[in-house]
Amino acid sequence: MKNKDLNFATKAIHAGGHPDKETGAVMPPIYQTSTYIQSSPGKHKGYEYTRSHNPTRTRLEENLAALENAKYALTTSSGLAMNTLIMHMLPEGSHILCGDDVYGGTYRLFTTVFQNKHKFEFIDTTDYKLVEKKLKEKPALIWIETPTNPTLKITDIQRVAKVAKANKVKVYVDNTFMSPYFQNPLDLGADVVVHSLTKYINGHSDVVGGALMTNDKKIHQALWTLQNSIGPSCSPFDSWLVLRGIKTLAVRMRAHEENAKKIAAFLEGHAKVDKVVYPGLKSHPQHKIAKKQMHGFGGMITFYIKGGVKESKKFLERVKLFALAESLGGVESLIEHPAIMTHASVPKEIRESIGLYDNLIRLSVGIEDADDLIADLKQAFG
Ligand code: P1T
């Protein structure tokens, strides 16, 4: 059967997989090698050097392409390494429209490393009038994170992609928060989807990696050439770990969501909480779009605790099961304070203009027992 005829959970386990030709091993070998023998100079079996290609990585890329219904996938040593390759690919002076509420590291990369190479404009990608006006200026691309990190703002991908296409502008979507299980941007008209593999796709907080999926051969080839020239490829062992993690992506995402729904409801009813943001709540401003374009609501919750930094810190120091740590998407629950941690590189006035106040707390809800997680939060509120 072809990958495209299979349902998600089956693709997650089987795409890119085949028993090892030499031994029949069902699970993929870790081709922990830097180089490959050639029978005559230039004569080889498709693999010359692991920076360029590696069979374990090939399997991972085949699998990832299938998960996003894409022809091509490329992986890197981190999510930001992939974003770096993309920025290198664009001609100098490119105009880039970018969502105003993206991961702090992406913001830092764009506004420091590439600030002299390109012209970045940060806009609210849910303001469709503004998006339409800006797309008419024909930027090189529009970069959308949806839901955003950390305010969980949701952009209608189909709506933006339609206008972008009319103006010949490429649409890039960072789909890290939903994973390919809950959202498939290419099916909604995006040209490129990027992921931090570090998060849900790997799912076990033991790998840092990045990926890109596309049906655009030119983009894929250009980025592979850059990856080969610059060198941030995904290692054989990390490729293997991610492949292993993906096998349970479908069940993990369902479990993350089930727990997140319960926790969002608990937080919404708590006296010490000002506001809860979760795409699955009717109170979420883009709940309808979330229902339309996502197959679920995910495991990320943002809430505003009553008070400020002092109250936030007190709460974060008291949690026991939730680990106070950056990152997200692992089986274990994490909690963090974006203004001090993941988004510290975003200037305070910009943070506040997008609702990222000092009383904002972000949860990555894991797949532990929901009652235990709620009990932990309850005791931390005091
Ligand atoms: O950490 P890295 O694998 O380089 O991925 C960067 C990245 C890209 N896109 C999104 C939406 C992300 O959330 C991240 C990384 N985010 C965190 C580390 C965090 O705690 O939010």
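Residues numbered from 1 in each chain as written. Predicted model: local features only at pLDDT ≥ 70, side-chain atom pairs only at ≥ 80, totals over all residues. Heavy atoms only, no water.

1. A few points about the overall build of the chain
Looking only at helices and strands, the chain features 14 helices and twelve strands. Expected size for 382 residues packed as a compact globule is a radius of gyration near 21 Å; at 21 Å, the chain falls within 12% of this value. With the C-alpha coordinates aligned to their principal axes, the bounding extent of the chain is approximately 70 × 50 × 35 Å. Within the span of the chain, comprising 382 residues, buried residues form 57% of the whole. Surface summary for the chain: the accessible area is close to 16,700 Å², and the carbon and sulfur share equals 54%. Looking at the chain, you have 49 positive and 40 negative side-chain charges, and the mean spots of the two groups are 4 Å apart. (Helix = DSSP H or I, 4+ residues; strand = E, 2+ residues; numbered from the N terminus. Rg over C-alpha atoms; globule rule 2.2 N^0.38 Å. Buried < 20%, exposed > 50% of the residue type's maximum accessible area, 1.4 Å probe, protein only. Areas by Shrake-Rupley, 256 points an atom, 1.4 Å probe, with all protein chains shown as cover. Lys, Arg positive; Asp, Glu negative; His and termini not counted. Charge placed at Lys NZ, Arg CZ, Asp CG, Glu CD.)

2. Notes on the nonpolar core
Grouped together as the largest cluster of nonpolar side chains are 82 residues, with contacts concentrated most on I263, L267, I301, F303, F315 and L363. Residue contributions to this core peak at eight residues, all from helix α10 (residues 249-268). Here this core gathers at least three residues from each of two domains, domain 1 (3-246) and domain 2 (249-381). When neighbours within four sequence positions are excluded, F315 is seen to be in contact with F303, I305, I335, I361, L377, A380 and F381. I96, F110, F114 and Y172 belong to the second-largest nonpolar core, a separate cluster that totals 24 residues. (Core = buried A, V, L, I, M, F, W, Y, C linked by side-chain atoms within 4.5 Å. Domains from an automatic or database assignment. Contact = heavy atoms within 4.5 Å.)

3. Re helix α8 (residues 217-230)
Structural remark: α-helix, 3.6 residues per turn; residues separated by three or four positions point the same way. When the terminal C-alpha atoms of α8 are compared, their 20 Å separation across 14 residues agrees well with the 20 Å that a helix rising 1.5 Å per residue should span. If you check which residues of α8 are buried, you get I219, H220, L223, L226, Q227 and N228. The inward-facing, buried residues of α8 contact α2 (55-67), β1 (72-76), α3 (79-89), β5 (170-174), β6 (192-196) and β7 (210-214). Structurally, the start of α8 carries an N-cap: the backbone nitrogen of K218 is 3.1 Å from a side-chain oxygen of D216. Of the residues one or two after α8, G231 is the one with positive phi, at around 110°. (Expected span 1.5 Å × (residues − 1). Polar contact = N/O pair within 3.5 Å; in protein donor to acceptor, adjacent residues only side chain to side chain.)

4. Let's talk about the sheet that holds strand β12 (residues 360-364)
Sheet architecture is open: five strands sit in the order β8-β9-β12-β11-β10, paired in mixed fashion. Two strands bound the open sheet, and with one partner strand each, they are β8 (273-277) and β10 (323-324). Looking at chain direction, β10 and strand β11 (residues 334-336) are connected through two bridges and run parallel. Across the sheet, residue A323 finds its bridge partner in β11, namely L334. (Pairing = 2+ DSSP bridges.)

5. Some points on the pairing of β12
By the criterion of burial, β12 is predominantly enclosed, with five of the five residues buried. Side-chain alternation along β12 places L360, R362 and S364 on one buried face and I361 and L363 on a second face that is also buried. As paired strands, strand β9 (residues 300-305) and β12 are joined by five bridges and run antiparallel to one another. By the bridge assignment for β12, Y304 is matched with L360. The pairing of β11 with β12 spans three bridges and is classified as antiparallel. Within β12, the residue paired with E336 across the bridge is R362.

6. Examining the site of the ligand
Residues in close proximity to the ligand total 19 residues, the closest being D174, S196, T198, S327 and R362. S327 places a polar main-chain atom, nitrogen or oxygen, 2.8 Å from an oxygen atom of the ligand. Between the ligand and the protein, one listed contact pairs an oxygen atom with a side-chain N or O atom of R362 at 2.8 Å. For the ligand, whose accessible area on its own is 480 Å², the fraction buried by protein is 93%. Grouping the amino acids of the shell around the ligand by side-chain chemistry returns five nonpolar, nine polar and five charged. (Near = heavy atom within 4 Å. Nonpolar A, V, L, I, M, F, W, Y, C, P; charged D, E, K, R; others polar.)

7. Comments concerning a positive patch on the surface
Taken together, K272, K310, K314, R318 and K320 make up a surface patch of like positive charges. Structurally, the position occupied by R318 is in helix α12 (residues 309-318). (Patch = residues over 30% accessible without salt bridge, like charges linked within 9 Å, V, L, I, M, F, W, Y side chains within 5 Å. Salt bridge = Lys/Arg side-chain N within 4 Å of Asp/Glu carboxyl O.)

8. What to know about the environment of F110
Relative to the helices and strands, F110 is located in helix α4 (residues 104-113). F110 sits twelve residues away from C98 along the chain, and the two C-alpha atoms are 9.4 Å apart. Among residues more than four places away in sequence, those in contact with F110 are M87, C98, Q115, F120, F122 and W143.

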